[in-house]
Amino acid sequence: KQEVTQIPAALSVPEGENLVLNCSFTDSAIYNLQWFRQDPGKGLTSLLLIQSSQREQTSGRLNASLDKSSGRSTLYIAASQPGDSATYLCAVLLSSGSARQLTFGSGTQLTVLP
Amino acid sequence: DARVTQTPRHKVTEMGQEVTMRCQPILGHNTVFWYRQTMMQGLELLAYFRNRAPLDDSGMPKDRFSAEMPDATLATLKIQPSEPRDSAVYFCASGSQRNTGELFFGEGSRLTVL
């Protein structure tokens, strides 16, 4: 069974800092990995999607990397802003036969202080 | 603006009552997921459909929960009878296997069972 772990569980940084969120998974036979953002009381917003054949994806100040062999992904946020405060979740999509499941990590709660 | 639509957004009911939550996936998407989110358990997969066929509902308590897709534009999750421990936010997500496997989430249905 795929297990997804996110470290740290919570992170507080001053505005302007660059930061890295970590995600690890136990089964490297993945189809893709997605990073989501969730604001309090809201749904999940997809930030970046990395296919299993890719090593990284970038969108604005966000950069996500994927190392399948070591079962790790990182989300790098440059020049953090208070508006980046949210919970960030990574999710791994397996390619197991005809059924595909998305397994979520427990998230990292990020607070960017003004 | 394509999005996953969920109704109701909020529901308060008494124990023993039937609850039905509805989801309209993004037009053209052929995969639908139902997730439940609680503080203690995080995001849990309840059911997964592809081309309207249920492929995995192993995460769903069978005695009281049921999930269906009457047509390609509607997915339903029903709880009968509801219990206080069912209180959670229920998310629907849809995706297209032709579109990189990226999933898009609705805003969720917040259920409170008294």
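Calculation criteria
Residues numbered from 1 in each chain as written. Chains lettered and ligands numbered in written order. Predicted model: local features only at pLDDT ≥ 70, side-chain atom pairs only at ≥ 80, totals over all residues. Heavy atoms only, no water. Pairing = 2+ DSSP bridges. Helix = DSSP H or I, 4+ residues; strand = E, 2+ residues; numbered from the N terminus. Axes fitted to C-alpha atoms, helices over the stretch in contact; angles between N-to-C directions. Contact = heavy atoms within 4.5 Å. Buried area = accessible area lost by both parts, 1.4 Å probe. Salt bridge = Lys/Arg side-chain N within 4 Å of Asp/Glu carboxyl O. Polar contact = N/O pair within 3.5 Å; in protein donor to acceptor, adjacent residues only side chain to side chain.

A. View of the sheet that holds strand 3 (residues 19–24) of chain B. Residues and elements named next belong to chain B. Taken in spatial order, the four strands make up an open sheet running 1-3-8-7, and their pairing is antiparallel. The sheet is open, and its two edges are formed by strand 1 (5–7) and strand 7 (65–71), each paired on a single side. Mean inter-strand twist for the sheet, computed between neighbouring axes without regard to direction, equals 20°. Pairing between strand 1 and strand 3: three bridges, direction antiparallel. Bridge assignment links Thr7 to a residue of strand 3, and that residue is Arg22.

B. Quick look at the sheet that holds strand 6 (residues 56–59) of chain A. Residue and element names in this part refer to chain A. If you walk across this open sheet you meet the five strands as 1-3-8-7-6, and the pairing is antiparallel. Looking at the sheet topology across the chains shown, the edges are occupied by strand 1 (4–7) and strand 6. Going from strand to strand, the sheet's axes swing by 15° on average, the running direction of each strand aside.

C. Highlighting the interface of chain B and chain A. Tallying the contact residues gives 20 residues for chain B and 20 residues for chain A. With both sides pooled, the region where chain B packs onto chain A buries about 1600 Å², and carbon together with sulfur makes up 51% of that total. Seen at the junction of chain B and chain A, the total is zero salt bridges. Counting across the interface, chain B meets chain A through three residue pairs in polar contact (both at pLDDT 80 or more). Listing elements by their share of the side of chain B that touches chain A, those giving two or more residues are strand 4 (31–38), strand 5 (42–50), strand 6 (53–56) and strand 10 (103–105) of chain B.

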